[in-house]
Amino acid sequence: MPQRVAAPGDVDALAAELRESDGRGEAVVLFGGGTLQRLGAAPSRFDVAVDLRRVAGIVTYEHHDLTISVRAGTTLGALARALARHGQFVPLDAPFPARGTVGGALAGGWLGPRRGAYGRPRDLVIGSTAVLADGTVAKAGGMVVKNVSGYDMSKLYAGSLGTLAALAVVNFKTLPIPQAQRAAIAALPDGTRERAIAHVRGLEMEPTVALAVRGFHEVGGTDGSDGRLLLVYEGSAATVDRATRELRSALGAAGVPATTIVDRGAGDALQRAIDACVTPLAERSATYRWLGLPSDAEARCAGVGRVARRHDLTCETMCDVRNGDIIARASAPDRDAFAARIVLLDEAFHDAYGRIVLLSSPDAVRDRLDAWGPPPASLATMRALKERFDPRGTLAPGRFVGGI
Amino acid sequence: MEPGTAARDLAERLVRALGADAVKTEPEDLAVYAYDAYTEGRSPSAAVIPSDVREVSATVRIAKACGAPIVARGAGTGLCGGAVPTQGGVVISFARMNRILELDIANRRARVQPGLINLDLSRAAEPLGCFYAPDPSSQKISTIGGNVGTNAGGPHCLSYGTTTNHVLGLEFVDKDGEVVRTSIDDAGYDLTGTLVGSEGTLGVITAIDVRLLKLPAEVRVCVAAFGDVEAASAAVSAIIGAGIVPTALEIIDALIVAAVEAHYHAGFPTDAGAVLLVEIAGAADDMDANESALSRIAREHGALSWRTAREAREREALWASRKGAAGAIGRLAPNYYIQDACVPRSKLPNALHAVEAIARDHDLAVGNVFHAGDGNLHPLLLFDRRDRRQAEAVVAAGIDILTACIELGGTISGEHGIGFEKRETLPYVFSAADLATMARVRDVFNPAQHFNPDKIFPSGASCGEVRPPRGGSGIAAGDAWL
């Protein structure tokens, strides 16, 4: 537990707070809405919690330019509402937008299921202001959509989990909200999963989101014996209409009897799927993310399920057919059974799959799980960056890859 | 060691490691590696043409041991001297590392060597239903490695994003000659995103994983004529402001249209003050509605005509002449100077107005051909190098244009980078603290500044090593693409 909580009200106060903590040798953990706070390992030292939610609000919104500059503590919901007034959006697609912040989604390296269509959050960032551990306030990029002026520092801060700098202001390019959005949910009867996915892949009109789900009932829809599909289409009314028609017949041909179309509420269904990625089952579950190629995503997803079952844990999965991610939530009927089994599963996952990382786990077992697995080959360079940006190890020491 | 001896020692060690066939040391061979599309240049001590990553690694180790700087070179189409070996040393050419290593259509990705010519990737992927989106106008000759170095754009990055949005991972040789692999899917810091656009100052990239996109079902290219370039740019601002993002929005003014038409005969209207080139792509269902929305906005902003190219051959002719525009300028003046700057898109009319006023103040003719949808300007100042007044005016006007763009909320490079030319201009955009923070990254990857010295960061000191043998300063000389 931290000794102190600070909630600076603006960028200057944030800079002063970090400079002073750094000077005193205190370890700082940055907080937004807390929705992704369980990402990564538990920090090895933790003296001050710096709550960034007061560094909030829109700096400038140039809706005619399709650009916006927001303070990092702005909630995703507040950003979305401001943009929607001008028919625009920034598809960050992170969990719990009413609480989650822009800075948190970016620093957490969040990846949503629409990124195949619209790009990763880091691809939507055109500039930023960051505060380094020593209080240096540094800008990069700007408010133009093409920019090769100096290093692209925003890419370095995005996904750094608050271990290099505190994002204070983020500039985005915005997109026009598509005219139509429609979700399709289909329960998959026994033996239809592979064919159904192959048929979806073969469609001319690509879904914006294509998830093959097992479990995760809070998302909505009912599993068949082979789980269910959750697809989202976005585009003009004409294309979305044709796409869902073609989908229905393709799924029918794959032996899937019924496809439910959700018109109003498609966005809510998508958000529920995103929220589910970090939603624990009362102290008896851990959720992993495994990024990989789309072509073998189904096989990897099945493998994850088998390994979990071998450890006597239930495994719910969301397989992102378009981007290749697997989200796996392993759980046991009760806390004690979970705690007894998860450590071995965690080891088995990391032994078998290099790139699997922990998104969420209960405090009781967090220290016994490996949040990151084997570090990437470029770890030495990453360590050197940390050392150069935060030589005193002020920012969330130990939370990141390889003990950074 | 005497300088001559040091160079001989360097050359001998490189020959031992790579073979005589892969090392150039004769002055007449080295002249090729002295320049890019920026005028000033300097010959390196040696140029190497490695065949694989091991040879790149060996080159880096030897150069480091000899204290020689290392400059990686693509096709040399950059405008800002980014590939110029300003302190001599070793230039690494990727002419022999120019292959597609893997084309993975199922996962829409490819692994390529840095010397691969940009267009060759789309040519290989198109029969399989995919394409590589970044398409700088130089794509017939520029390399993907060079594109990664400058985070190159091109007309189609309006809707698809610039090079950085399409790079999935890299292999690079670091300061110690070690081979490092990165992926945007790796846990940890985004080294991939940090290296893209770093202009060869952080390491030598030896392989690139890129994203491919599915070819759109239908493509249309439309040409609208306007009375002048400001009206055309107001139409562009209105299109973006209405929330419509076509795949490309390019403006060509009358001066350039005349030169281009004389050369390519693609059918651009030669009686208009400016031409707007609009490309839309996507599902066939949307084409008519999108085109009519665009043509309505264009007409509301004074479009005099609207023509649609539906046939592939017609579209390709329009694009070929657009992308070859700079090459046709030779008809207009003995020399030209191209600026690359970017402004918020709603400020385009102001920026164009400023460019015209600046050219007038300096008594220079100016042409404009640019990526309007992105706010990325490319004013071409025409002049005669032999006229000393004009040569000086061009340099001053270039700086005035950059200053005007910064004042409009823009920046000093949209797609060519800072290189050598603009490094003293970078402090107009960033504070000392901003630049010092960027320098922390350089400190990690390139502490001794062996990789591409004198680039991006302002010198504060002399840069007397660079000789301007072709005369003039900061003036693009040969063929250029923009």
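My aim in this report is to walk through the structure given alongside it, one point at a time. All of these numbers come straight from a predicted model, not from anything done at the bench.

Describing the overall build of chain A
- On a plain count of helices and strands, chain A comes out with 13 helices and 18 strands.
- The principal-axis extents of the C-alpha atoms in chain A amount to approximately 65 × 55 × 35 Å.
- Per-residue burial over chain A gives 62% buried out of 404 residues.
- Relative to all contacts within chain A whose residues are 6 or more apart in sequence, the contacts with residues 24 or more apart total 72%.
- Total accessible area on chain A is roughly 14500 Å²; 51% of this is exposed by carbon and sulfur atoms.

Looking at the overall build of chain B
- Each helix and strand counted, chain B has 15 helices and 20 strands in total.
- Compactness check: chain B gives a C-alpha radius of gyration of 22 Å against a globular reference of 23 Å for 482 residues, within 12% of the reference.
- Summarising its shape, the C-alpha atoms of chain B cover approximately 70 × 60 × 45 Å along the three principal directions.
- The 482 residues of chain B split such that 61% are buried.
- In chain B, the proportion of contacts linking residues at least 24 apart, taken out of those at least 6 apart, comes to 73%.

Concerning the environment of B:D363
All names here are of chain B.
- Looking at the secondary structure, you find D363 in the loop between α13 (348–361) and β18 (365–370).
- D363 sits in the exposed class, given a relative accessible area of 58%.
- Remark: the alpha-carbon pair of D363 and Q390, spanning 27 residues in sequence, is separated by 8.2 Å.

Here we look at the interface of chain B and chain A
- Each partner contributes to the interface: chain B provides 74 residues, whereas chain A provides 62 residues.
- Approximately 5500 Å² of surface area, both sides summed, lies buried where chain B meets chain A, with 56% of it carried by carbon and sulfur atoms.
- Summed over the three residues of chain B that lose the most area to chain A, namely B:D185, B:Y189 and B:R440, the buried surface amounts to 16% of that side.
- In this assembly, chain B and chain A are joined by 8 salt bridges.
- B:E415 is paired through a salt bridge with A:K146; the nearest N and O atoms lie 2.8 Å apart.
- Between chain B and chain A we count 24 residue pairs in polar contact (both at pLDDT 80 or more) in total.
- Put simply, the parts of the chain that give the side of chain B that touches chain A at least two residues each are β9 (179–183), α7 (191–195), α8 (229–241), α10 (284–300) and α15 (432–445) of chain B.
- Counting residues per element, the side of chain B that touches chain A draws most heavily on α15(B), which supplies 10 residues.
- The residue inventory of the side of chain B that touches chain A, partitioned by class, reads 26 nonpolar, 29 polar and 19 charged.

Focus on the side chain of B:T425
- Mapping B:T425 onto the fold places it in the loop between α14 (388–407) and α15.
- Ignoring anything within four residues of it in the chain, the contact list for B:T425 reads B:L402 and B:I412.

Points about the packing of aromatic side chains
- Under the definition given, this model contains 11 aromatic pairs over all chains.
- Three or more aromatic residues joined by ring pairs make a cluster, and in this case those are A:Y288, A:W290, A:F349 and A:Y353.
- We note A:R99 situated over the ring of A:F96; from NZ or CZ to the ring centre the distance is 5.3 Å.
- Cation over ring: B:R442 sits above B:F457, and NZ or CZ is 4.2 Å from the ring centre.

Digging into the pattern of salt bridges
- For the structure on display, the rule yields 51 salt bridges over all chains.
- Taken together, the shared-partner salt bridges in this structure form one network comprising A:R4, A:E17, A:R24 and A:E26.

Some words on the side chain of B:E279
Residues and elements named next belong to chain B.
- With respect to the helices and strands, E279 occurs in strand β14 (residues 274–282).
- Buried charge without a partner: E279 forms no salt bridge, and the closest opposite charge is R315, 5.7 Å away.
- Polar contacts involving the side chain of E279 include one to the side chain of W319, which spans 2.8 Å.
- Among all residues touching E279, those that are not within four sequence positions of it are H156, V219, R220, V221, P246, T247, A248 and W319.

Section: the nonpolar core
- If you look at the biggest cluster of nonpolar residues, it comprises 196 residues, and the most contacted ones within it are A:F172 and A:I342.
- The element contributing the most residues to this core is α14(B), with 8 residues.
- B:A37, B:A309, B:W319 and B:L380 belong to the second-largest nonpolar core, a separate cluster that totals 28 residues.

Structural notes on unusual backbone geometry
Residue and element names in this part refer to chain B.
- One non-glycine residue, D454, lies in positive phi territory at about 70°.
- A residue is classified by how much of its surface remains accessible, and D454, at 18% relative accessible area, is buried.
- Even without being a glycine, I456 presents a positive backbone phi close to 65°.
- By secondary structure assignment, the location of I456 is in the segment after α15.
- Residue class for I456 comes out buried when judged on its relative accessible area of 0%.

A closer look at helix α11 (residues 312–323) of chain B
- The terminal C-alpha atoms of α11(B) lie 16 Å apart, and with 12 residues this matches the ideal 16 Å at 1.5 Å per residue to within 8%.
- For α11(B), every residue scored as buried is listed here: B:R315, B:L318, B:W319, B:S321, B:R322 and B:K323.

Considerations on the packing of helix α10 (residues 297–310) of chain A against helix α11 (residues 335–352) of chain A
Residue and element names in this part refer to chain A.
- Running from amino to carboxyl end, α10 crosses α11 at an angle of 145°, the nearest separation of the two axes being 9 Å. As α10 runs across α11, the sense of the crossing is right-handed. Within the contact between the two elements, α10 uses V304, V307 and A308 and α11 uses L345, A348 and F349.
- Considered class by class, the residues forming the contact of α10 with α11 number 6 nonpolar, no polar and no charged.

Focus on the sheet that holds strand β3 (residues 70–73) of chain B
Residues and elements named next belong to chain B.
- Strands sit in the order β1-β2-β4-β3 across an open sheet of 4 strands; the sheet is mixed. Each edge of the open sheet is held by one strand with a lone partner, namely β1 (23–24) and β3.
- With 2 bridges joining them, β1 and strand β2 (residues 46–48) adopt antiparallel strand pairing. In the strand pairing of β2, V23 is matched with V48.
- Together, β2, β3 and β4 (90–93) form the strand contacts of helix α3 (residues 53–66), whose direction differs from that of β4 by roughly 175°.

What counts and what doesn't
Residues numbered from 1 in each chain as written. Chains lettered and ligands numbered in written order. Predicted model: local features only at pLDDT ≥ 70, side-chain atom pairs only at ≥ 80, totals over all residues. Heavy atoms only, no water. Helix = DSSP H or I, 4+ residues; strand = E, 2+ residues; numbered from the N terminus. Buried < 20%, exposed > 50% of the residue type's maximum accessible area, 1.4 Å probe, protein only. Contact = heavy atoms within 4.5 Å. Areas by Shrake-Rupley, 256 points an atom, 1.4 Å probe, with all protein chains shown as cover. Rg over C-alpha atoms; globule rule 2.2 N^0.38 Å. Buried area = accessible area lost by both parts, 1.4 Å probe. Salt bridge = Lys/Arg side-chain N within 4 Å of Asp/Glu carboxyl O. Polar contact = N/O pair within 3.5 Å; in protein donor to acceptor, adjacent residues only side chain to side chain. Nonpolar A, V, L, I, M, F, W, Y, C, P; charged D, E, K, R; others polar. Phe/Tyr/Trp six-rings, centres within 6.5 Å; stacked < 30°, edge-to-face > 60°. Lys NZ or Arg CZ within 6 Å of the ring centre and 35° of its normal. Lys, Arg positive; Asp, Glu negative; His and termini not counted. Core = buried A, V, L, I, M, F, W, Y, C linked by side-chain atoms within 4.5 Å. Expected span 1.5 Å × (residues − 1). Axes fitted to C-alpha atoms, helices over the stretch in contact; angles between N-to-C directions. Left-handed = near helix turned anticlockwise from the far one by under 90°. Pairing = 2+ DSSP bridges.

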